[in-house]
Amino acid sequence: MVPVEKALQLVDSHITSTNKIVTISVSESLGFVLANDVLSPINMPPFRQSAMDGYALGSIEEKAFSLKGEVQAGDDKDPELKKGEAIRIFTGAPVPSEAKAVIMQEKIEVNDNKVILLESVKPNANIRPAGEQIKEGEIALTKGTIINAAGIGYLATLGITHIEVYKKPSIAIITTGNELVPPGQKLKYGQIYESNSVMLSSALKTSGFADISFYKVEDEYQATRSIIEKTIKQCDVVLISGGISVGDYDFVGKALRDLQVDEIFYKVKQKPGKPLYFAQKDRTTIFALPGNPASSLSCFYVYVLPALQKTSGLQDYRLKRSTSISSSGYSKKGERAEFLKAIEKDNTVTILDGQASSMLRSFALANALVYLPEEVSEINPGDTIQIINLP
Ligand SMILES: Nc1nc2c(c(=O)[nH]1)N[C@H]1C(S)=C(S)[C@@H](COP(=O)(O)OP(=O)(O)OC[C@H]3O[C@@H](n4cnc5c(N)ncnc54)[C@H](O)[C@@H]3O)O[C@H]1N2
Ligand code: MOO
């Protein structure tokens, strides 16, 4: 059995960033990592642009200006504007080349077709120069940037439709267990609903992993081995749920060994998730997650997600650890490190009831896991404790 910190290190040292680069459309790039610098193909703004609804002024020394027409956003005209002349202009409209400033409409009065300034105006006030945000050929976003919603908007403002990003892994989810039936069917005696596949795929989607295929297998050696062999050939990452413990019908470990995967560790000194198995074969990474739902998800967040993020080129892929003040007391029974479902708010963390690895309600409410290392045996209210923030 390996300690938690050792297991984390082993996952980190065996996972490498992908060097596969793919071109994708900007609209589909949420959560991807840029594989190259992106250069701006245009000046932004592309022209001198008014930042306000008001008047463009041909000079700034006068107090009264004669009004000469208007420029609306989207107009392609560049009207002449002499000293002492003003033009009605609107936010986003191109500012005439000869304009010296734009004044907000709240700061003028119009009398007899004359624009009277109520206060003085500085040169170039309320004018966004062409290329103020970025100039053509400059770096818009650097390699390594994670694309978020604003990043997608920003690239769209520059008219960019496609970018080069690191490929995200293709992921297989294999669920094992004769007792499992899909929700929607009536349960027979001895059966339970299969929930890990939808839970894990939802956790994957939350973090931007969408290339997921699903497989279901009975507790039978040959079928288990065949599915694992097939998915290792087809996918970058194989997540197996259940069948990894020591029961007579837990065939995952035997199948993996017989397929001669490189076992990196099996069993971690932690609760939940003791029977976690981590291996690689050729270029595929394999995690066999314990079948108990909360164990599966806990192992996913602690080990699988950082690995997937590292693979996808994220630099800041490591577990998001921080500390918080416990409002709860808790006594650990065994010696294993523990991950406890909790709610963290305003630097106070509350450990939830219902921590058994078969239970999901506490996880459904949690926004953090409290991490109790092996050497910590109890928590008292007021203690500063380690937490892992959940995505
Ligand atoms: N003699 C021992 N028995 C067990 C040990 C041990 O050390 N010695 N470890 C226990 C721990 S800890 C865990 S965790 C489980 C893990 O077992 P498996 O990974 O082999 O998982 P299964 O036996 O297949 O399932 C466990 C539990 O979870 C339910 N399950 C499984 N898959 C799903 C699914 N897709 N959706 C919903 N629920 C699922 C399954 O019905 C079982 O109730 O082993 C302990 N035993
Ligand atoms: O590790 Mo098991 O997940 O304790 O039930």
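Under an unreviewed UniProt entry, the protein has the name Molybdopterin molybdenumtransferase and belongs to Aquimarina celericrescens. UniProt lists a comment for the protein under the heading Catalytic activity (unreviewed entry), and it reads "adenylyl-molybdopterin + molybdate = Mo-molybdopterin + AMP + H(+)". In its Cofactor (unreviewed entry) section, UniProt records this for the protein: "Mg(2+)".

Asker: Please give an account of helix α1 (residues 4-14) that cites residues and values.
Answerer: Within α1, burial applies to Val-4, Ala-7, Leu-8, Leu-10 and Val-11. Along α1, the residues classed as buried sweep out an arc of 160° about the axis, all on the same side.

Asker: Residue-level account of the UniProt feature "domain: MoaB/Mog" (unreviewed entry) in the protein, with values.
Answerer: As recorded in UniProt, the sites labelled "domain: MoaB/Mog" (unreviewed entry) are residues 172-310. The distance from the first to the last C-alpha atom of residues 172-310 is 18 Å, and the span holds 36% helix and 27% strand.

Asker: Please give an account of the sheet that holds strand β20 (residues 277-281) that cites residues and values.
Answerer: Strands sit in the order β16-β13-β17-β21-β20-β18 across an open sheet of 6 strands; the sheet is mixed. The open sheet has two free edges, formed respectively by β16 (212-217) and β18 (262-266), since each of these has just one partner strand. Averaged over all neighbouring strand pairs, the angle between strand axes comes to 15°, with direction disregarded. In this structure, strand β13 (residues 171-176) lies alongside β16, joined through 6 bridges in parallel fashion. Bridge assignment links Thr-175 to a residue of β16, and that residue is Lys-216. Helix-sheet contacts for helix α4 (residues 221-234) involve β13, β16, β17 (237-241), β20 and β21 (284-289), and the interaxial angle to β16 is about 170°. Strands in contact with helix α6 (residues 293-311) are β13, β17 and β21; relative to β21, the strand with the most contacts, it is inclined by about 165°.

Asker: Quick one: what's the story with the pattern of salt bridges, residue by residue and with numbers?
Answerer: Taken as a whole and assessed by the stated rule, the structure comprises 12 salt bridges. Where salt bridges share partners, they join Asp-12, Lys-310 and Arg-318 into one cluster.

Asker: Mind laying out the site of ligand 2, listing which residues take part and the relevant values?
Answerer: Contacts to ligand 2 come from Pro-272, Gly-273, Lys-274, Pro-275, Asn-292, Ser-295, Arg-336 and Ser-357. Here an oxygen atom of ligand 2 and a side-chain polar atom of Ser-357 are 2.4 Å apart. Considered class by class, the residues forming the shell around ligand 2 number 2 nonpolar, 4 polar and 2 charged.

Asker: Go over unusual backbone geometry, please, and point to the residues and values.
Answerer: In terms of backbone geometry, most residues other than glycine have negative phi values and most peptide bonds are trans. In this structure, the amide linkage connecting Met-44 to the following residue, Pro-45, adopts the cis form with an omega of -5°. The omega torsion across Lys-271 and Pro-272 is -5°, close enough to zero to call that bond cis. Residue position: Pro-272 is located in the loop between β19 (270-271) and β20. If you check the backbone angles, Asp-282 has positive phi at about 50° while not being a glycine. Phi angles above zero are rare outside glycine, and Asp-346 is one such case at about 50°. Classification of Asp-346 as exposed rests on a relative accessible area of 67%.

Asker: Give me the lowdown on the environment of Pro-45, citing residues and values where you can.
Answerer: As for its placement among the helices and strands, Pro-45 is situated in the loop between β2 (38-39) and β3 (49-50). For the pair Pro-45 and Asp-346, spaced 301 residues apart in sequence, the C-alpha separation works out to 41 Å. Among residues more than four places away in sequence, those in contact with Pro-45 are Arg-128, Pro-129, Ala-130, Gly-131, Glu-132 and Gln-133.

Asker: I'd like a description of the side chain of Gln-280, backed by residues and values.
Answerer: Of note, Gln-280 is situated in strand β20. In this structure the side chain of Gln-280 is engaged in a polar contact, spanning 3.3 Å, whose partner is the side chain of Thr-285. Residues contacting Gln-280, with those up to four places away along its chain left out, are His-14, Ile-15, Val-261, Asp-262, Ile-264, Thr-285 and Ile-286.

Asker: Account for the nonpolar core, with residues named and values stated.
Answerer: In this structure, Leu-204, Leu-239, Phe-265, Phe-287, Phe-300 and Tyr-303 are the most contacted members of the largest nonpolar core, which totals 45 residues. When residues of this core are assigned to their parent elements, the largest contribution, 11 residues, is made by α6. Once residues within four sequence positions are removed from consideration, Phe-287 is found in contact with Val-11, Val-238, Leu-239, Ile-240, Leu-276, Tyr-277, Phe-278, Tyr-303, Val-304 and Ala-307. Grouped together as the second largest cluster of nonpolar side chains are 22 residues, Tyr-215, Val-238, Ile-240 and Ile-286 included.

Reading guide: rules and limits
- Residues numbered from 1 in each chain as written.
- Chains lettered and ligands numbered in written order.
- Predicted model: local features only at pLDDT ≥ 70, side-chain atom pairs only at ≥ 80, totals over all residues.
- Heavy atoms only, no water.
- UniProt positions renumbered as here; feature names shortened; annotations may be inferred.
- Buried < 20%, exposed > 50% of the residue type's maximum accessible area, 1.4 Å probe, protein only.
- Helix = DSSP H or I, 4+ residues; strand = E, 2+ residues; numbered from the N terminus.
- Arc of directions from axis to C-beta.
- Pairing = 2+ DSSP bridges.
- Axes fitted to C-alpha atoms, helices over the stretch in contact; angles between N-to-C directions.
- Contact = heavy atoms within 4.5 Å.
- Salt bridge = Lys/Arg side-chain N within 4 Å of Asp/Glu carboxyl O.
- Near = heavy atom within 4 Å.
- Polar contact = N/O pair within 3.5 Å; in protein donor to acceptor, adjacent residues only side chain to side chain.
- Nonpolar A, V, L, I, M, F, W, Y, C, P; charged D, E, K, R; others polar.
- Core = buried A, V, L, I, M, F, W, Y, C linked by side-chain atoms within 4.5 Å.

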